Amino acid sequence: MSAVRDVWRNLPLKAKIGTVLFAMFVLAAIIGPELAPYDPSYQNPDPALLMAQPSARHLLGTTQTGQDVLSQVLVGIRQTMLLAIVVGVFATAVSVIVGVTSAFLGGVWDELLSLVSNVFLVIPALPLLVLLLGYLSGKGQWPTIIVLSVLGWPWGARVVRAQTLMIRNRDFVAASRESGERTWRILAFEIIPNEVSLIAASFVNTVLYAIGASVALAFVGLTDLNSWSLGTILFWAQSNQALTLGAWWWFVPPGLAVALIGTSLVLLNSGIDELGSPRLRASRGAAKIAGHKIWGTDPTPVLAQLTADRSGIGEFLHSFSRDSLLDKTPAGGDLR
Amino acid sequence: MRPILEISDLSVAYRAEGGDVRAVEHVDLTLNPGEVVGLCGESGSGKSTLAYGATRLLRPPALVTSGSVRYYGNRITHGGDPVDLLTMTHRELHAMRWREIAIVFQSAMNALNPVLRVQDQILDAVHAHLSMSKQEAREKAAGLLDLVGIPRGRLRAYPHELSGGMRQRVMIAMALAADPEVVIMDEPTTALDVVVQRDILSQIVELKERLGFAVLFITHDLSLLLELADRIAVMYAGRLLETGASGDIMREPAHPYTRGLLNSFPSLRGPRRDLAGIPGSPPDLRDPLPGCPFIPRCGFAVPACEAVDMTLEMVGGVKAVKGPIGHLTACPIVTPEMSQEGVLS
């Protein structure tokens, strides 16, 4: 438990914000539909509730057909998050398997797998998605998940391959090969742990891509429009002219949710990077010594100067910090 | 004589969560023009921290907590008062570095950029500190390689195309680019075999004679210093234990630690004997014990050692003038008359 707390304390602020934000959306995805006050598809016949402003009974207002927007958003978050995470897991798993094996085995296998990932890389994704989903729409989310997974892995595979090529030539891999470890063991226990931060970053990126792509596809109507995802809400809002009718409560909440999920993932990504390479963390930013910020490129600070040119207010504020206890007994001062 | 660099009462600490790690404590060290001073100590004794702290090259959390580092070079002071490196601004330091005080870094392998030609790296050093035309600079770079005995043709080589010894020579050539007054050498020969090591050392001495710079030579190899250095300073746990002319140190080491070091390697001449070494390991610098830091490993230790204040005093009990002149030791307990052999083994 304390290990978790240590990791958390060492995270930079933006990563903390990202984690909290993302956790909120995961929570919303898990319990959101249970909290939804209405069935998102239920069309309230009451004419007063057609495109009604937010009120106590409908916190985010209603749509043109009297559906509750809050319920739609809560259900939609689950759908969108589920899709994005499933795509992320699939695509990342494929990219790790392809990237690591092609780099580690080398030779013909490398050529073959690189060729495949290059082919997938140059396939124009959007037209293909439009084409495929045009045929497959009306069967729930699975067609979207499959198509996005199939198109989402090559970037990660290229990056993982490059990293593996580098690690493969390190001495500890040669040593484990020499000691008779099996290939799969070397891959799973020697190489992949060195790439954890890379893989995590690639996962987060893929999730981000899946959310963006799925919302965009749903927005243009290329998905099962009977299920509620953030994209389909936006589709219905757009096709019913929510913007021209001034029904902001219809499109702002789902749009904001998409934007916030994306933001949280970007923030999370930068945190993972620093978590994975401690050296990056050490060189980040300035160290605080005796209440002064010292950057890595500054000359070595001199205590006498640091304490001399501090202003009265700075001195006062510094006296509250835990750091100031260190100044009272300068190193070696009491020994001589 | 006017010294060139005078470090006095220098303390450097690494500020850590659990308190300061006192890596260098109240060290006085003087460097005279044209002199080779050897700074010797085991790993973690603070010898590199002393050199880099005095030139203010240490990165946070390092912090200079006391002392002064006076530089007397004529190009800066014009014969007047010395300047203090510890009160200089970033810019003033920039003007000092390389032109006045140059450094040969520890591992030439890592200090040279693997993707740039040797020529470009020397030119970088030249252009950063001297204003001269491209043609002159190139000529200067070739001249520097001549100086360290590398054929001019190797200017266009990449670092990986040079041997370890040649790379170290390139580092020395770069350090001499701006004709510095002081050259700090941080274990420049550690990764090399003894033959190449010897070669480079004699080259350093020869260059010093010709160009007249002073050398602060950092190493853990006391036997090497006995040959090379004019004066030797022995460091342990962040403190200077003994300084003196290398002949004095070799003939009659005063501090038990120095005696231990001298007993750790065989001498070529003289009788065969068992090597003693020094048992134990250095103390924790975060929580220093009172008195002499060497007590736990010292064969001569007596209760009075805990009251020793670690100031350097003339060997033989004569009260010294401040500043290390002559043969000084921090140990008032052990006198030269006490047996040299047997106690530590």
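Residues numbered from 1 in each chain as written. Chains lettered and ligands numbered in written order. Predicted model: local features only at pLDDT ≥ 70, side-chain atom pairs only at ≥ 80, totals over all residues.

## Brief notes about the overall build of chain A
What chain A contains, in helices and strands, is 16 helices and 2 strands. The proportion of buried residues among the 336 residues of chain A is 35%. For chain A, the share of sequence-separated contacts (at least 6 apart) that also reach a separation of at least 24 residues comes to 70%. (Helix = DSSP H or I, 4+ residues; strand = E, 2+ residues; numbered from the N terminus. Buried ≥ 20, exposed ≤ 12 C-beta atoms within 10 Å, placed from the backbone. Contact = placed C-beta atoms within 7 Å.)

## As for the overall build of chain B
Helix and strand content of chain B: 11 helices and 12 strands. Residue burial in chain B is summarised as follows: out of 345 residues, 43% are buried. Counting only contacts in chain B whose residues sit at least 6 apart along the sequence, the fraction spanning at least 24 positions is 65%.

## A short note on the environment of B:Pro188
Residues and elements named next belong to chain B. Examined against the element boundaries, proline 188 turns out to sit in the loop between strand S7 (182–186) and helix H8 (194–211). Residues proline 188 and arginine 169 lie 19 residues apart in sequence; the distance between their C-alpha atoms is 9.3 Å. With near-sequence residues (within four places) excluded, proline 188 lies in contact with Val104, Gln168 and Ile200.

## Focus on the nonpolar core
If you look at the biggest cluster of nonpolar residues, it comprises 101 residues, and the most contacted ones within it are B:Ile122, B:Val182, B:Leu216 and B:Phe217. Looking at this core element by element, the count peaks at 7 residues for helix H7 (residues 164–175) of chain B. The residues contacting B:Phe217, other than those within four sequence positions of it, are B:Val36, B:Val37, B:Gly38, B:Leu39, B:Met185, B:Leu225, B:Leu228 and B:Ala229. One finds A:Val69, A:Leu70, A:Ile199 and A:Val215 within the second-largest nonpolar core, a separate group that totals 64 residues. (Core = buried A, V, L, I, M, F, W, Y, C linked by C-beta atoms within 7 Å.)

## Description of the environment of A:Val150
When you line up the elements, A:Val150 lands in helix H6 (residues 142–152). In the structure, A:Val150 is positioned 30 residues away from A:Phe120 in sequence and 8.4 Å away in space, judged by C-alpha atoms.

## Looking at the interface of chain A and chain B
Contacts between the two partners involve 17 residues from chain A and, on the opposite side, 25 residues from chain B. Going through the elements one at a time, strand S1 (287–289) and helix H14 (303–308) of chain A are the ones with two or more residues in the side of chain A that touches chain B. The residue inventory of the side of chain A that touches chain B, partitioned by class, reads 11 nonpolar, 4 polar and 2 charged. (Nonpolar A, V, L, I, M, F, W, Y, C, P; charged D, E, K, R; others polar.)

## A look at H6(A)
Regarding H6(A), the residues found buried are A:Thr144, A:Val147, A:Leu148, A:Ser149, A:Leu151 and A:Gly152. Lining the buried residues of H6(A) we find helix H3 (69–105), helix H4 (107–122), helix H5 (125–136) and helix H10 (196–219) of chain A.

## Looking at unusual backbone geometry
Residue and element names in this part refer to chain B. For histidine 26, which is not glycine, the phi torsion reads 50° and is therefore positive. Note that histidine 26 resides in strand S2 (residues 19–31). In this structure, alanine 237 is a non-glycine residue whose phi angle is positive, near 50°. Structurally, alanine 237 is set in the loop between strand S9 (231–236) and strand S10 (239–245). Judged by local crowding, alanine 237 falls into the buried class, with 25 C-beta atoms found within 10 Å.

## Some thoughts on the sheet that holds strand S5 (residues 83–84) of chain B
Residue and element names in this part refer to chain B. Strand order in the open sheet formed by 4 strands is S2-S1-S4-S5, and the pairing between neighbours is antiparallel. The open sheet is flanked by S2 and S5, the only strands paired with a single partner. Inspection of the sheet shows strand S1 (residues 5–16) paired to strand S4 (residues 62–71) by 8 bridges, in the antiparallel sense. Counted as the bridge partner of tyrosine 14 is alanine 62 from S4. Running at roughly 110° to S1, helix H1 (residues 47–54) makes contact with S1, S2 and S4 of the sheet. (Pairing = 2+ DSSP bridges. Axes fitted to C-alpha atoms, helices over the stretch in contact; angles between N-to-C directions.)

## Considerations on the pairing of S4(B)
Residues and elements named next belong to chain B. Judged by how many residues are buried, S4 sits mostly within the fold: 8 of 10 residues are covered. Where S4 meets S5, 2 bridges bridge the pair, whose relative direction is antiparallel. Directly across from arginine 70, in S5, lies its bridge partner aspartate 84.

## Focus: the sheet that holds strand S6 (residues 101–104) of chain B
Residues and elements named next belong to chain B. Reading across the sheet, the 8 strands line up as S6-S7-S8-S3-S9-S10-S12-S11 and stay open at both edges, with mixed pairing between neighbours. In the strand order of this sheet, the two ends are held by S6 and strand S11 (313–314), each with one partner. Where S6 lies against S7, 4 bridges are found, and the strand directions are parallel. Following the sheet pairing, isoleucine 103 is matched in S7 by isoleucine 184.

## Description of the packing of helix H8 (residues 171–178) of chain A against helix H9 (residues 183–191) of chain A
Residue and element names in this part refer to chain A. Viewed as axis vectors pointing N to C, H8 and H9 meet at an angle of 145°, and their least axial separation amounts to 11 Å. Helix-helix and strand crossings are classified by hand; for H8 and H9 the assignment is right-handed. Of the residues in H9, those touching H8 at Phe172, Val173, Ser176 and Arg177 are Ile186, Glu190 and Ile191. Within the contact of H8 with H9, the residues separate by chemical class into 4 nonpolar, 1 polar and 2 charged. (Left-handed = near helix turned anticlockwise from the far one by under 90°.)

## Focus: the packing of H5(A) against H6(A)
All names here are of chain A. Across the interface, H5 lies against H6 with an axial gap of 10 Å and an inter-helix angle of 155°. Compared by their axis directions, H5 and H6 come out roughly antiparallel. Crossing geometry of H5 relative to H6 is assigned as right-handed. Together, Ala125, Leu128, Leu129, Leu132, Leu133 and Leu136 of H5 and Pro143, Thr144, Val147 and Leu151 of H6 make up the contact between the two elements. (Parallel < 35°, antiparallel > 145°, perpendicular 65-115°, else oblique.)

## Here we look at the pairing of S1(B)
Residue and element names in this part refer to chain B. When S1 meets S2, the two strands line up antiparallel, connected through 9 bridges. Paired with glutamate 6 across the two strands is threonine 30, which belongs to S2. In this structure, the hairpin formed by S1 and S2 is closed by a connection of 2 residues.

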